[in-house]
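Close look at the chain arrangement
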Amino acid sequence: MAASTPQLSVADQIRQLDGARKLVLKDVSYYPQVIQATLPIIGPSSQVEFRRWGAEFLAEAFATPAVPLSNKETLSLVVLDTLKALVEDPAQDILVLRGVIQASASIYPLAMRWIINNSYDTATWEKMTAIKTRIRDIWDSAPMAIRICCIKFMQRVILAHTSSVNPEPRRGDPLDISVNMVPHNHPVLHGDQLEAEASGLLDRMLSALEDESSDPLVVDATLNTLSILVRQRQKLANRVLSTLFNFNPLRLATSSPLTPKTKVLVKSIEKTTRMLLTHLYRRDPHNPLAGRMQQHVERLARSRAELFDETGRKRAMAEQATAAEAKRQRTATVSTQPQVEITPLKAGANTLADLFTFTTNEGLKKFNVSDTIPAPLAAKISVRTIAQLDAGILERAIEGVKSRVAALLEAHEKSTNPETAPLDVEEDEDDYEPDYYTVEDNEQLMNKLDSSPADDIRELQAPVLSSLSLPAFKLPPPPSLDPEQAARAGQGAVSRVFSTMKALEDPATKRPKAGLNRLAATSYDRDSWITVIIRLATRATAGLDDVSLKVEGSDIALPTVSMADSIREMLYTYVLEDFRKRIDVAVTWLSEEWFKERVQQRFASSPDQSRAAPANYEKWTLRLVDAFLPYLHSQDKVLTRFLSELPELTVPILSRVPALCRDPSLVNLALTSLYYLVVFRPPVRDMALDTVQDIWTEYEDARPMAAKYLQRWRPGFVEAAQQVAGEDNKAPLGSNGSAVGAIV
């Protein structure tokens, strides 16, 4: 019988879960796999340590802006069951409940947008409604940390249930989910009911400012949530501002003893209120209530000063008491500059610090500035001190240093070498002239010692010229880099190139492109840098995608994320930052991808080449189309230009265009772009007409315009489709895909 696998401890399992969290923080594409794998571990029946970790992880996952909104919407459907089970447990841990409410606050707008576009999924909305009801029930009775989270959740509900300032939510902020997006005939959501619920929740939230017995922390949390409501929901602005004008943040100081804790709370609430009103009238100076908000802020500042500033009154009484003695004060000024006392150096050896030290304090002498104060800060302090120092004192200090240096030199000159001193000669023997060594100065002695050997022999020797030559200097070899470090260094270099490219302005005159075989860079402008970066992504690593290096019988794997893919991600982000102005960059990039694939396919077809060329052209084209399609409006020409200038169009690329017809205002844009391909790009005419037929089949609002194009280029299709639909009245026209397909 095989031995059973030992069970890991809770600490080891938490450590493994933390490893998964670090993985998704580095690459957000792993969030779906990690969330689905951890849901069984963090369920309501798990240990409290796992539930705490799971609640915090979900709150972090749905709050991060790094995860795309579409992925968050899909993941929200997966975690609703777990969140509902956790929040409905009456004995739930406080930390778990806090994380669940925070995650629910991020998920609520996503769930509402999902049910707006998918009205059939009533079960999802029922789960979200149950979570909302549970949070609303525990709002007033939960601990303080949970009540603050409930206020944040209700703020997101109010934002979702009221009208947005943006008349077209689809073109605005994708996170701004509002009741404007709910159709009038929606079977699940009703706009009037949603707005009524939001009004009730707002009244309940503002009651914390109107009730004098409210907890200061709840009041502070409520004030922090009102700024977004006023800025993004104009219908709620008057109600919120009226409550703020009637709210007295200093009432706690007048209704209870003024203890140090009360002072801190009152000052915090007053400052939050003042900053909120200041932010609102500065952000919208044309608001009719801006003047009243400014006056209210000034009134709060005066009230706070009257309540807390007692030092002014004490100072006035002290000045009155000493006013009579002001006439008898001496007019002589006393210098505030320090007096420098220059003392001679002590006998014996002295350091350089002793030469410049004038203080007699032993503690200051032993204080090492270099160990405690950074060099830049010490330099600033020194410069500022010298600038403010009296010129006379500075001159005296400089003269003191000079006198000390002179004293040291004089003492050094008096010392002589006993070996070279004169011999003992009587003073009265004036006729004696010694022929021995003369007294040598310091420089001669040093030269003599340098040229003398290390042994006791005192004879001078001639220096060897070969020993005086300088040896050849060689730099140490650079440290070796592994593939991951080299990839990171390359990514940093490319990032700097992108920052340089963004700083360059667009050329005043557009020059015609020279083609795929042009030089990458002929001038220091934006187009040249773009060409260099694009070719680094497409041509520099062509044929090296799946190559492994062999060193002494071992394989060295290339980095997981290649340099080319990193540059492509940066190009993708650069284009989407302003896709209307940078659509030419996208076309140039995709044309280079297409050209590289064709060249690689030509070489891959040879007998000695067995590897297939990687397909990057269609992948990145689809990513770009999916990214900028949601932001198009009816007057955009970007889609027509993008489709017409691409080197190759495929069925997956054109299949993205019919999605625009979900919005009736974009039907004309979608069909006009396809009609342009039909007329001016004959090689893709059949694919474009097939896409027009799909639009005619699936979208009734687009049929009149699509029928006009089909009658010209595919006559008989519309009549045949209508005839087939008339034979089978039970099936709506367009739902019988086989019949329509048979006609084609």
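Residues numbered from 1 in each chain as written. Predicted model: local features only at pLDDT ≥ 70, side-chain atom pairs only at ≥ 80, totals over all residues. Heavy atoms only, no water.

1. Section: the overall build of the protein chain
Counting its secondary structure elements, the protein chain contains 32 helices and two strands. Within the protein chain, buried positions represent 35% of all 744 residues. Of the contacts made within the protein chain by residues no fewer than 6 positions apart, 66% connect residues no fewer than 24 positions apart. Of the accessible surface of the protein chain, which amounts to about 46100 Å², a share of 55% is contributed by carbon and sulfur atoms. (Helix = DSSP H or I, 4+ residues; strand = E, 2+ residues; numbered from the N terminus. Buried < 20%, exposed > 50% of the residue type's maximum accessible area, 1.4 Å probe, protein only. Contact = heavy atoms within 4.5 Å. Areas by Shrake-Rupley, 256 points an atom, 1.4 Å probe, with all protein chains shown as cover.)

2. Some thoughts on the packing of aromatic side chains
According to the stated counting rule, one finds eleven aromatic pairs in the structure shown. Centroid distance Trp589 to Trp620: 5.6 Å. Interplanar angle 50°. Geometry classified as tilted. Of this pair, Trp589 sits in helix H24 (residues 583-604) while Trp620 sits in helix H25 (residues 617-628), placing them 31 residues apart in sequence. The same class applies to Trp589 as to Trp620, namely buried. (Phe/Tyr/Trp six-rings, centres within 6.5 Å; stacked < 30°, edge-to-face > 60°.)

3. Digging into the pattern of salt bridges
Evaluation of the coordinates by the stated rule reveals 24 salt bridges. Between Glu88 and Lys84 there is a salt bridge, with its nearest N and O atoms 3.4 Å apart. With relative accessibility at 35%, the residue Glu88 sits in the partly exposed group. Looking at Lys84, the relative accessible area reads 25%, which means it is partly exposed. (Salt bridge = Lys/Arg side-chain N within 4 Å of Asp/Glu carboxyl O.)

4. Considerations on the confidence of the model for the protein chain
Per-residue confidence for the protein chain gives a mean pLDDT of 78, with 76% of residues at or over 70. With pLDDT under 50 throughout, residues 1-5 is counted as low confidence; its partners more than four residues away or in other chains account for zero contacts. (pLDDT = per-residue confidence, 0-100.)

5. Examining a nonpolar patch on the surface
A cluster of nonpolar residues, Tyr676, Val679 and Phe680, forms a patch on the protein surface that exposes about 280 Å² of accessible area. Secondary-structure assignment places Tyr676 in helix H28 (residues 667-680). (Patch = residues over 30% accessible without salt bridge, like charges linked within 9 Å, V, L, I, M, F, W, Y side chains within 5 Å.)

6. So, the environment of Val651
Mapped onto the fold, Val651 is located in helix H27 (residues 651-654). On the basis of relative accessible area, Val651 is assigned to the exposed category, the value being 55%. Placed 37 residues apart in sequence, Val651 and Ala688 show a C-alpha to C-alpha distance of 8.7 Å.

7. Description of the environment of Val67
Here Val67 shows up in the loop between helix H3 (48-63) and helix H4 (69-87). We classify Val67 as buried; its relative accessible area is 7%. Val67 sits 39 residues away from Val28 along the chain, and the two C-alpha atoms are 6.1 Å apart. Not counting residues within four places of it along the chain, the set of residues in contact with Val67 comprises Val28, Tyr31, Ala61 and Lys72.

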